[in-house]
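The primary structure of each chain is shown beneath.
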Amino acid sequence: MEKAIIGKKAGMTQIFDGNGRVIPVTVIEAGPCVVVRKKTPESDGYAAVQLGFQDIKERKLTKPEAGHFKKAGVPPRKILKEFKLADTDALEVGGLIRADAFAEGDRVDVTGVSKGKGFAGVIKRHGARRTPTSHGGGPVHRHAGSMGSGTDPARIFKGKIGAGHMGSQRVTVQNLDVVKVDAELGYIAVKGAIPGPRGSVVYVRDTVKNN
């Protein structure tokens, strides 16, 4: 991974390319992110950078958090995220990473928290089928149905589908094309959809797939 940035999902729109084809894109308010800390193999055992995103008032921080930013000499940030980059020597504590770190044609992975959908049954949550609706099926047509024998093993194995909390999970969408970068406004437009509602925090980094 050579570059990464923290951003905020602004929403979806569409862009027309030079041939007049419409491209559905998600707009990300990317950065600016400040380098809060650099980790080195000598002191930490590995090389990484800690980026901070989104201003926050110091009175809303705990004393350890405020001390962390004071030691780095950077303004407080609401979101902190560590990235293992291939080359951290070019970055210095206090430096800024902006949207123009990426360029049109790059491939990126975007990580976020999916939309929460509350408590859901097995049909909506896992795509299960309804039980038979005739011959006395009873009022259980949207239930999960049989999970196995009752005598042995007399329990339900882990991993079986069931009703429960749907969404609000960490999701990564891989190998998305960067369609447009607006350095002045600090926006990145990627082809397709990314997880989370509008205004949610997302992490953008080089794709791990071999292009």
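Preceding this paragraph is the structure being described.
Criteria and thresholds
Every chain is numbered on its own, with residues counted from 1 as its sequence reads. Selection of residues for local features in this predicted model requires a pLDDT of at least 70, selection of side-chain atom pairs for listing and counting requires 80 or more, and totals for whole chains, interfaces and linings are taken over all residues. Computation of side-chain values: all heavy atoms of the structure, hydrogens and water removed. Put simply, DSSP marks the helices as runs of H or I at least four residues long and the strands as runs of E at least two long, and each gets a number from the N terminus on. Whether a residue is buried, partly exposed or exposed follows from its accessible area with a 1.4 Å probe, protein chains only, as a fraction of its type maximum: under 20%, in between, or over 50%, in that order. For the accessible areas, the method is Shrake-Rupley and the probe is 1.4 Å, while residue cover comes only from the protein chains on display. Like charges are joined within 9 Å and nonpolar side chains (Val, Leu, Ile, Met, Phe, Trp, Tyr) within 5 Å, but only among residues with over 30% relative accessible area and no salt bridge; these make up the patches. Throughout this description, the term salt bridge denotes a Lys or Arg side-chain nitrogen within 4 Å of a carboxyl oxygen of Asp or Glu. Only four residue types enter the charge count, namely Lys and Arg as positive and Asp and Glu as negative; His and the chain termini do not. In this description, the location of a charge corresponds to atom NZ of lysine, CZ of arginine, CG of aspartate or CD of glutamate. For two strands to be treated as a pair, DSSP must find no fewer than two bridges joining them. Contacts: residue pairs with any heavy atoms within 4.5 Å of one another. Each axis is a line fitted through C-alpha atoms, and for a helix only the stretch in contact is used; angles between axes span 0 to 180 degrees, taken between their N-to-C directions. Centres within 6.5 Å are what make two rings of Phe, Tyr or Trp a pair, Trp counting through its six-membered ring; a difference in plane orientation under 30 degrees is then read as stacked, over 60 as edge-to-face, and the rest as tilted. Consider the ring centre and the ring normal. A charge sits over the ring if Lys NZ or Arg CZ is within 6 Å of that centre and within 35 degrees of that normal. In the analysis that follows, any N or O atom pair within 3.5 Å is treated as a polar contact, provided that within protein one partner can donate a hydrogen and the other can accept it, and provided that, for residues neighboring in sequence, both atoms belong to side chains.

Novice: How do you make sense of the overall build of the chain when you look at a structure like this?
Specialist: The number of helices and strands found in the chain is two helices and twelve strands. Listing every helix and strand of the chain by position from the N terminus yields β-β-β-β-α-β-β-β-β-α-β-β-β-β. With the C-alpha coordinates aligned to their principal axes, the bounding extent of the chain is approximately 70 × 55 × 35 Å. With 211 residues in all, the chain has 33% of them scored as buried. Taken as a whole, the chain presents about 13200 Å² of accessible surface, with 49% of it coming from carbon and sulfur.

Novice: Explain a negative patch on the surface to me, please; I cannot follow it from the model alone.
Specialist: Taken together, the side chains of Glu 2, Asp 87, Asp 89 and Glu 92 present a region of like negative charge at the surface. Tracing the backbone through its elements, the reader meets Asp 89 in the loop between strand 5 (77–83) and strand 6 (96–97). Judged by its relative accessible area of 62%, Asp 89 falls in the exposed class.

Novice: Would you mind showing me how to read the sheet that holds strand 3 (residues 33–39) here?
Specialist: Hydrogen bonds along the backbone pair up the strands of a sheet, which may run parallel or antiparallel. Strand order in the open sheet made by the four strands is 5-4-3-6, with antiparallel pairing throughout. Every other strand in the sheet has two partners, leaving strand 5 and strand 6 as the edge strands with one partner each. Direction of pairing for strand 3 relative to strand 4 (residues 48–55): antiparallel, over a ladder of five bridges. Across the sheet, Lys 38 pairs through a bridge with Val 49, a residue of strand 4. Most of the contacts of helix 1 (residues 63–72) go to strand 3, to which it runs at about 90°, and overall it touches strand 3, strand 4 and strand 5.

Novice: What is the right way to look at the pairing of strand 10 (residues 170–182) in this model?
Specialist: In regular strands, side chains alternate between the two faces of the sheet. In this sheet, strand 10 lies alongside strand 7 (residues 107–113) in antiparallel orientation, the contact comprising six bridges. When the sheet's bridge partners are listed, Arg 107 is paired in strand 10 with Asp 177. Pairing between strand 10 and strand 11 (residues 187–191): four bridges, direction antiparallel. Its bridge partner being in strand 11, Val 181 is matched across the sheet by Ile 188.

Novice: Please explain the packing of aromatic side chains as it appears in this structure.
Specialist: For any pair of aromatic rings, the description consists of the separation of the ring centres together with the inter-plane angle of the planes. A full pass over the atoms with the stated rule returns one aromatic pair. Plain terms: the ring middles of Phe 83 and Tyr 203 are 6.4 Å apart, the flat faces sit at 70° to each other, and that makes the pair edge-to-face. Residue Phe 83 is located in strand 5, and its partner Tyr 203 is located in strand 12 (residues 201–206); the two are separated by 120 residues in the primary sequence. On the accessibility criterion, Tyr 203 (16% relative accessible area) is buried. Just above the ring of Tyr 203 sits the side chain of Lys 81; from NZ or CZ to the centre is 5.0 Å. When the ring centre of Tyr 46 is taken as reference, the NZ or CZ atom of Lys 84 above it lies at 4.9 Å.

Novice: Just checking my understanding: could you explain unusual backbone geometry for this structure?
Specialist: Where the residue is not glycine, phi is negative for most of them; where a peptide bond is considered, it is trans in most cases. The omega torsion of the bond from Asp 152 to Pro 153 falls at 15°, within 30 degrees of zero and hence cis. Its location among the elements puts Pro 153 in the loop between helix 2 (122–126) and strand 9 (164–166). Although it is not a glycine, His 135 sits at a positive phi angle of roughly 60°. Examined against the element boundaries, His 135 turns out to sit in the loop between helix 2 and strand 9. Since its relative accessible area comes to 82%, His 135 is described here as exposed.

Novice: Where do I start with a positive patch on the surface in this structure?
Specialist: A cluster of basic residues, Lys 57, Arg 59, Lys 60 and Lys 78, forms a positive patch at the surface. Inspection of the secondary structure assignment puts Lys 78 in strand 5. Take Lys 78: its relative accessible area is 52%, and that puts it in the exposed class.

Novice: Got a minute to help me understand the pattern of salt bridges in this structure?
Specialist: Any two side chains of opposite charge can pair, so long as their charged atoms come close to each other. Tallied over the entire structure, the rule returns seven salt bridges. Look at the salt bridges and you will find they share partners, linking Lys 3, Asp 106 and Asp 206 into a network.

Novice: How should I be thinking about the side chain of Gln 50 in this particular structure?
Specialist: Within the secondary structure layout, Gln 50 lies in strand 4. With relative accessibility at 15%, the residue Gln 50 sits in the buried group. In this structure the side chain of Gln 50 is engaged in a polar contact, spanning 2.7 Å, whose partner is the side chain of His 68.

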